[in-house]
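Spelled out from the first residue to the last, the chains are:
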Amino acid sequence: MQIIKPGTNIDFIGRRKAAFILSAAMILFSLFSLILHKGPRYGVDFAGGTQILVAFQNEADAGQIRAALDQTGIDNATVQESREGQSYLVQIRTIQTFDSESGILTSLPRLLYETTGFPAEILSIDMVGPQVSQDLRSQALYALFYALLFIMVYISGRFEMKWMLSAAVAGVFISVVYLFPQIMQNVFHISMPIPMLILVALVLTLAAFWKLGLAYALGASIALLHDIFITVGLFSVLDIEFNLPIIAAILTIIGYSLNDTIIIFDRVRENLASRGKKTFAAILNQSINETLSRTLLTSGTTILVLITLFVLGGGIIHDFSRALLVGVVVGTYSSIFVACPLLLLWHKKQGL
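Conventions adopted
Just so you know, the residues in each chain are numbered from 1, in the order the chain's sequence is written. With pLDDT at 70 or above as the cut-off, local features in this predicted model cover only qualifying residues; side-chain atom pairs require 80 or more to be listed or tallied, and sums for whole chains, interfaces and linings still use all residues. Calculated side-chain values reflect all of the structure's heavy atoms, with hydrogen atoms and water omitted. Under the scheme used here, helices are H or I runs from DSSP no shorter than 4 residues and strands are E runs no shorter than 2 residues, and both carry numbers assigned from the N terminus. Buried means the residue's accessible area, taken with a 1.4 Å probe over protein chains only, is under 20% of the maximum for its type, while exposed means over 50%, and partly exposed covers the values in between. Whether two residues are in contact is decided by their heavy atoms: any pair within 4.5 Å suffices. Note on areas: Shrake-Rupley with a 1.4 Å probe; residue coverage comes only from the protein chains shown. The sign given to each residue is positive for Lys and Arg and negative for Asp and Glu; His and the chain ends receive no count. Charge positions are represented by NZ for Lys, CZ for Arg, CG for Asp and CD for Glu. UniProt positions are given in the numbering used here, feature names are shortened, and annotations may be inferred rather than shown by experiment. An expected span of 1.5 Å times one less than the residue number is assigned to each helix. Taken from the helix axis, the directions to the C-beta atoms give the arc we talk about. Identification of polar contacts relies on pairs of N or O atoms within 3.5 Å, with a donor-acceptor requirement for protein atoms, meaning one able to donate a hydrogen and the other able to accept it, and with residues adjacent in sequence counted only if both atoms are side-chain atoms. Strand pairing is defined by DSSP finding a minimum of two bridges between the two strands. Interaxial angles span 0 to 180 degrees and are taken between N-to-C directions of axes, which are lines fitted to C-alpha atoms, for helices over the stretch in contact. In this scheme Phe, Tyr and Trp rings, the latter by its six-membered ring, pair at centre separations within 6.5 Å, and the angle between planes marks the pair as stacked below 30 degrees, edge-to-face above 60, and tilted otherwise. Only one rule defines a salt bridge in this text: a Lys or Arg side-chain nitrogen within 4 Å of an Asp or Glu carboxyl oxygen.

### Here we look at the overall build of the chain
Next, step 1: Within the chain, the secondary structure is distributed over twelve helices and six strands.
Next, step 2: Taken along its principal axes, the extent of the C-alpha atoms in the chain is 80 × 60 × 30 Å.
Next, step 3: In the chain, buried positions account for 47% of the 352 residues.
Next, step 4: For the chain, long-range pairs separated by at least 24 residues make up 77% of all intrachain contacts whose partners lie at least 6 apart in sequence.
Next, step 5: Within the structure as shown, the chain displays about 17600 Å² of accessible surface, and the carbon and sulfur contribution to it stands at 65%.
Next, step 6: The chain carries 23 positive and 23 negative side-chain charges, and their two centres are separated by 21 Å.

### Quick look at the environment of Ile198
Next, step 1: With respect to the helices, strands and loops of the structure, Ile198 is situated in helix 7 (residues 194-211).
Next, step 2: The class of Ile198 is buried, set by a relative accessible area of 7%.
Next, step 3: Once the C-alpha coordinates of Ile198 and Val177 are considered, the two residues, 21 residues apart in sequence, prove to be 7.1 Å apart.
Next, step 4: Here Ile198 is in contact with Leu141, Tyr142, Phe145 and Val177, once residues within four sequence places are set aside.

### Regarding the UniProt feature "domain: Protein export membrane protein SecD/SecF C-terminal" (unreviewed entry) in the chain
Next, step 1: Per the UniProt entry, the sites bearing "domain: Protein export membrane protein SecD/SecF C-terminal" (unreviewed entry) are residues 116-170 and 199-348 in this numbering.
Next, step 2: Annotated as 86% helix and 1% strand, the span residues 199-348 places its first and last C-alpha atoms 28 Å apart.

### Concerning helix 1 (residues 16-36)
For an α-helix the count is 3.6 residues per turn, leaving residues at separations of three or four pointing the same way.
Next, step 1: Along its 21 residues, helix 1 runs 30 Å from first to last C-alpha, staying within 8% of the 30 Å computed at 1.5 Å per residue.
Next, step 2: Where helix 1 is concerned, the buried positions are Arg16, Ala19, Ser23, Ser30, Ser33 and Leu34. Within helix 1, the buried residues cover an arc of 125° as seen down the axis, which keeps them to one side. Across from the buried face of helix 1, at angles greater than 90 degrees, the exposed residues are Lys17, Ala18, Ile21, Leu28, Phe29, Phe32, Ile35 and Leu36.
Next, step 3: Looking at the packing, one finds that the buried side of helix 1 touches helix 8 (215-237) and helix 12 (318-349).
Next, step 4: Of the residues trailing helix 1, Lys38 is marked for its positive phi of about 55°.

### A few points about the UniProt feature "transmembrane region" (unreviewed entry) in the chain
Next, step 1: This chain's UniProt record puts "transmembrane region" (unreviewed entry) on residues 18-36, 139-156, 163-181, 187-209, 216-238, 244-265, 296-317 and 323-346.
Next, step 2: End C-alpha atoms of residues 216-238 are separated by 33 Å, and the span's content is 96% helix alongside 0% strand.

### Some remarks on the side chain of Ser236
Next, step 1: Inspection of the secondary structure puts Ser236 in helix 8.
Next, step 2: Overall, the relative accessible area of 5% leaves Ser236 in the buried class.
Next, step 3: At a separation of 2.7 Å, a polar atom in the side chain of Ser236 contacts the side chain of Ser33.
Next, step 4: Not counting residues up to four positions away in its chain, the partners in contact with Ser236 are Ser33, Leu34 and His37.

### Re the sheet that holds strand 4 (residues 87-94)
Next, step 1: Strand order across the open sheet formed by four strands is 3-4-2-5, with antiparallel pairing between neighbours. Only two strands of the sheet have a single neighbouring strand rather than two, namely strand 3 (78-84) and strand 5 (120-128). Each strand axis lies, on average, 20° off the axis of its neighbour in the sheet, ignoring direction.
Next, step 2: In this sheet, strand 5 lies alongside strand 2 (residues 49-56) in antiparallel orientation, the contact comprising eight bridges. When the bridges of strand 5 are listed, Val54 appears paired with Ile122.
Next, step 3: Against the sheet, helix 4 (residues 103-116) makes contact with strand 2 and strand 5, and its axis sits at roughly 135° relative to strand 5, the strand it touches most.

### Concerning the packing of aromatic side chains
Next, step 1: Going through the model one piece at a time under the given rule, you end up with eleven aromatic pairs.
Next, step 2: For the ring pair Phe12 and Phe337, a centre distance of 5.8 Å and an interplane angle of 65° mean the geometry is edge-to-face. Of this pair, Phe12 sits in the segment before helix 1 while Phe337 sits in helix 12, placing them 325 residues apart in sequence. Across this residue pair, the class does not change: Phe12 and Phe337 are buried.
Next, step 3: In textbook terms, an aromatic cluster arises when at least three aromatic residues are bridged by ring pairs, as seen for Phe12, Tyr333 and Phe337.

### Observations regarding the pattern of salt bridges
Next, step 1: Going through the model one piece at a time under the given rule, you end up with ten salt bridges.
Next, step 2: Notably, a salt bridge pairs Glu241 with Arg93, separated by 3.2 Å at the nearest N-O pair. Taken together, the residues Glu241 in strand 6 (residues 241-242) and Arg93 in strand 4 connect sequence positions 148 residues apart.
Next, step 3: On the accessibility criterion, Arg93 (9% relative accessible area) is buried.
Next, step 4: For Arg158, the salt bridge goes to Asp266, with nearest N and O atoms at 2.3 Å. Separated by 108 residues along the polypeptide, Arg158 in helix 5 (residues 130-160) and Asp266 in helix 9 (residues 244-273) bring together distant segments of the chain.
Next, step 5: For Asp266, a relative accessible area of 14% corresponds to the buried category.
Next, step 6: Taken together, the shared-partner salt bridges in this structure form one network comprising Arg41, Arg93, Asp239 and Glu241.

Structure (structure tokens):
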């Protein structure tokens with residue numbers, strides 16, 4: 001199916017400066033929000049605390065629910081409501097920790113009934129301690145870092161046949177990131193801040209790939225970082241909790257956005273074989289235009305599914321579907337307006 005006429009030649013690359021300005025504005029806006037809010041608003045998974053899922057048979061008033069929580073001594077709780085079938089579900093999150101034997105939790109259904117007038121049933125209680133939440137944060141960062149490294153190795157091998165070189169670079173940085181904190185802890189008794197370590201390792205990895213001329217991997221990975229940062233920034237702007245499902249959504253975004261970029265890079269490689277006297281910018285434009293129908297159809301149908309999931313999926317997966325929705329839109333944009341122009345910049349720098 002073709003929704004773009006064959007022979008269409010939209011000058012995407014010619015609009016790269018405007019796209020860079022737009023991307024820079026979105027990144028700065030995200031950075032400003034993260035600084036203002038002192039980082040993402042971590043959920044129970046990453047900040048520690050207790051998450052309680054309560055079911056009502058009828059829709060209860062949020063103010064009355066909060067009044068019941070105040071009476072039980074649960075302070076500064078966030079209350080998220082949703083409907084699932086005939087049940088009205090309320091998700092309560094607090095940084096306080098309770099266990100299933102806690103007297104507060106056994107009295108909560110009674111107080112909810114007294115304040116709302118509706119019977120309440122506690123469906124689940126999840127508690128995450130401070131150490132576990134810290135470990136989860138570190139593991140999430142490691143997962144994102146390793147995913148990006150493996151992607152860079154794959155792109156370098158697929159498009160530039162530099163499997164061993166890229167794998168060696170990735171192996172060095174994986175070893176450093178894995179061993180360095182343990183050495184500092186065991187030998188010098190110093191705890192390394194994992195976010196800072198990952199950030200430094202990521203910057204050095206990108207610098208190494210640039211120095212080694214692994215341009216395709218560099219373009220794809222910077223486009224992915226662009227998508228991740230803007231998605232996290234938007235969550236910060238909207239003051240939405242950042243938890244494990246959002247990490248799952250970000251890893252999905254990485255896969256989706258990368259797939260779009262690979263389709264275009266594949267066509268670039270094919271068109272370079274019959275380049276003739278065309279400039280590299282013209283080859284990029286030709287490749288983007290030739291894959292545009294596929295990009296719009298894939299992204300459009302995916303976005304429709306995600307909108308359906310967001311509207312009808314219930315409050316429990318609202319944040320997950322919202323993150324995917326933002327990520328798919330930004331990922332489609334970055335495949336065209338970030339990854340390809342970065343490839344062009346590298347070629348110009350090399351005088352190719």
